[in-house]
Amino acid sequence: MSGRVFLFGDDVDTDQLAPGAFMSGGIASLAAHCLEDLRPDFASTVKAGDLVVAGKNFGIGSSREQAAEALRHLGVAGVVARSFAGIFYRNAINLGLPVMVAEDLGDLADGDAAELDMEAAVLRLTGKETVVRLEPLPENLKRLLADGGLVAHLKERFAEKRLEESGP
Amino acid sequence: MMAQTPDRTVNQTLAQKIIARAAGRTAVQPGEVVTAKVDLAMIHDSGGPRRVEPILKELGVGLFDADKVVLIADHFVPGDTQEGSDILDFTRAWAQQREVTFYDGEGICHVVLPERGHLRPGMFVVGGDSHSPTGGAFGTYMFGIGATEMAGVLATGEIWLKVPGTILIDWQNRLSRGVTAKDIMLALCGKLGMDGGQYQAVEYTGTAIAALSMQDRMTLSNMAAELGAQAGLIAPDETTSAYLNSVGGDPGDWRDWRTDGGAELLAHYQFDAAALEPQAAAPHSPANAAPVSAIPETPIDVAYIGACTGAKYDDLKGAAEILRGRVLASGVELLVAPASKRDQDRAAEEGIMRVFENAGARILSNACGICAGYGADRLGADVTCISSTARNFKGRMGAASSKVWLGSPLTVAASAVAGQIADPRHFLTIEMSAI
């Protein structure tokens, strides 16, 4: 499934992704303001399956995981960036939002149609010859994402533990 | 607790030693993924109970150890919006129900945690806030995580991490008068960028660091977050030990917690503290730092002395030295939000709070306040502010059109008096010995 690329620059911070003024409300009201200072029509135009692509240090700032949750809530299928801030990166994986690093974005442009292939670690651009190569995810993080995030992963782990404890 | 004897035949960094201990290993190597047991988990009212409780419920489990969880209400204090007040109610009820140590209205988590003696050298601690590296000032490996990850820690008592490399940042000589720990951090943000820390461990060393008080060291560790580091460590010394004894903490075997000579480093930077001038960072990034002396005339509307990085007792004392006997420039509003109740009480006893009041400042709650921008107090449209906080991202403290400059508490105080961004060194009283 391909989606539209929304291209951003370097150092997109958590106050852009999840503005403080809306942090006391629910995720729907917060997500409506996601990235609005950088791109006022982002929340209203992004569709399920679309991709966010950015420069370096995406998600710098706060540990508020609503920064990743807002993107997931809006249906963003994944974020590709030249680098990520550490806490955002962990939060995204924990919430089941794919995040992949691309050293070089090549001739990718805003509005391109693209398909994220995590297994092959490439971003395929519809109608363009080149592909954007991605750093493969470490195995432990691939497993977390495949499970649907940390809560689903822990649920399985605790279920197994209970099974063992009640075992033969 | 089973403790592995550290492998002394391998040269390790302070970060490696603490992580190895927490992972039940004798040594670990940068780049390895390990699972470590946490000694303490700190949460606050925003990322804490309201976010973790639904997950614990879904998992059908309780806390791994209520004695190892500290909850501090600071982000929505004083509860000046309906939603914020509801979140505080939920936080208070949860604290009772889950029987965790709880500080309510006592101040900002990163300042309250050490001032109540919860941290000691060699501990491995997670915090539900990005400025959790503050704990590194005590030789504690402490880092920030999001709420879902915190729920996982609260359920299991452990967390995975990739063992970081260490970036050694060495400051030799002494800071000049009027130049502070905050200026060191703004200069570093400017030089290294907000990703200079590469989500690795930063460790601060050198004679300039050794000369700093614990609260000034906390400012360095705190803003390791603005360098994009996972942790910001300072090896414990006599100053650390004395502080911990003074707050009823436990310095323990503090001499063991240091980077071995010959340990492999990711990078090693060296700077001269004596050559550093007061810094200010232009909107909208801490990385936009420059010496105040090089900044063109910039009139301000609001001066804000607040936050874990800029309104501790030592910060208040420094700012008061500038403000004593002076008044605010016409049209400038000065807001002061002391970082903890204990720090404010001490400042009041010593006449420091009176200096702020006499100058015409408005005193806000001992909480995150406008720095987090979660409450009713926010900067209005087109307001220019100079702030002692750690971040000046667009729209963080108020309207998207507001412009926030960052500076030390001294620079903020000097600017409040001058009505424009000003070098605090011009406002320092001449010491008797210099006459």
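Naming follows an unreviewed UniProt entry, where chain B appears as 3-isopropylmalate dehydratase large subunit of Pelagibius litoralis. Quoted verbatim from the Subunit (unreviewed entry) field of UniProt, the annotation for chain B is "Heterodimer of LeuC and LeuD."

Per an unreviewed UniProt entry, the recorded name for chain A is 3-isopropylmalate dehydratase small subunit, and the organism is Pelagibius litoralis. Word for word, the UniProt comment on chain A under Function (unreviewed entry) is "Catalyzes the isomerization between 2-isopropylmalate and 3-isopropylmalate, via the formation of 2-isopropylmaleate." Of chain A, the UniProt comment under Catalytic activity (unreviewed entry) reads exactly: "(2R,3S)-3-isopropylmalate = (2S)-2-isopropylmalate".

> Before we go on, may I ask you to explain unusual backbone geometry in this structure?
Residues apart from glycine generally show negative phi values, whereas peptide bonds are mostly found in trans. Cis geometry is found at the peptide bond from Val-77 of chain B to Pro-78 of chain B, where omega equals 10°. In this fold, Pro-78 of chain B is placed in the loop between β3 (69-73) and α3 (82-98). Cis rather than trans, the peptide bond between Pro-283 of chain B and His-284 of chain B has omega equal to 0°. Inspection of the secondary structure assignment puts His-284 of chain B in the loop between β12 (279-281) and β13 (289-291). Phi at Asp-11 of chain A is positive, roughly 55°, even though this residue is not glycine.

> It is not clear to me how the sheet that holds strand β4 (residues 101-104) of chain B should be interpreted in this structure. Could you clarify?
Strand pairing in a sheet is mediated by backbone hydrogen bonds. Such pairs are either parallel or antiparallel. Residues and elements named next belong to chain B. Taking strand neighbours across the sheet as the criterion, the five strands line up as β4-β3-β2-β5-β6 in an open arrangement whose pairing is parallel. One side of each edge strand has no neighbouring strand; the edge strands of this open sheet are β4 and β6 (141-144). For this sheet, the mean angle separating the axes of adjacent strands, direction not counted, is 15°. With four bridges connecting them, strand β2 (residues 40-44) and β3 associate as parallel partners. By the bridge assignment, His-44 is partnered in β3 with Ile-72.

> Help me understand the pairing of strand β6 (residues 122-125) of chain A in this model?
Regular strands have side chains that alternate between both faces of the sheet. Residue and element names in this part refer to chain A. Only one face of β6 is covered, namely the one carrying Leu-123 and Leu-125; the face carrying Val-122 and Arg-124 has none of its residues buried. Connecting the antiparallel pair strand β5 (residues 113-117) and β6 is a turn made up of four residues, with Ala-121 showing a positive phi of about 55°. Bridging between β6 and strand β7 (residues 131-133) involves three bridges; their strand directions are antiparallel. Paired with Arg-124 across the bridge in β7 is Val-131. Between the end of β6 and the start of β7, which pair antiparallel, lie five residues, with Gly-127 showing a positive phi angle near 80°.

> Hey, could you run me through the domain arrangement of chain B in this one?
A common measure of how large an interface is: the accessible area buried when the components associate. Residue and element names in this part refer to chain B. The domain boundaries assigned to chain B delineate domain 1 (14-272) and domain 2 (279-434). Taking only C-alpha atoms into account, the centre of domain 1 sits 25 Å from that of domain 2. Across the contact, 39 residues belong to domain 1 and 36 residues belong to domain 2. Those elements giving two or more residues to the side of domain 1 that touches domain 2 turn out to be α4 (109-115), α6 (181-192) and α8 (214-222). When residues of the side of domain 1 that touches domain 2 are assigned to their parent elements, the largest contribution, six residues, is made by α6.

> Looking at this structure, how should I read the interface of chain B and chain A?
The interface of chain B with chain A comprises 41 residues on the first partner and 32 residues on the second. Put simply, the parts of the chain that give the side of chain B that touches chain A at least two residues each are α2 (49-59), α3 and α5 (147-156) of chain B. A per-element tally of the side of chain B that touches chain A places α5 of chain B first, with five residues.

> What am I meant to see in the packing of helix α7 (residues 150-165) of chain A against α2 of chain B here?
At a minimum axis separation of 10 Å, α7 of chain A and α2 of chain B run at an interaxial angle of 35°. Crossing handedness for the pair α7 of chain A and α2 of chain B: right-handed. Listed contacts from α2 of chain B to Val-151, Leu-154, Lys-155 and Phe-158 of chain A of α7 of chain A are Ile-55, Glu-58 and Leu-59 of chain B. The residue makeup of the contact of α7 of chain A with α2 of chain B, split by class, is five nonpolar, no polar and two charged.

Conventions we followed
- Residues numbered from 1 in each chain as written.
- Chains lettered and ligands numbered in written order.
- Predicted model: local features only at pLDDT ≥ 70, side-chain atom pairs only at ≥ 80, totals over all residues.
- UniProt positions renumbered as here; feature names shortened; annotations may be inferred.
- Helix = DSSP H or I, 4+ residues; strand = E, 2+ residues; numbered from the N terminus.
- Pairing = 2+ DSSP bridges.
- Axes fitted to C-alpha atoms, helices over the stretch in contact; angles between N-to-C directions.
- Buried ≥ 20, exposed ≤ 12 C-beta atoms within 10 Å, placed from the backbone.
- Domains from an automatic or database assignment.
- Contact = placed C-beta atoms within 7 Å.
- Left-handed = near helix turned anticlockwise from the far one by under 90°.
- Nonpolar A, V, L, I, M, F, W, Y, C, P; charged D, E, K, R; others polar.

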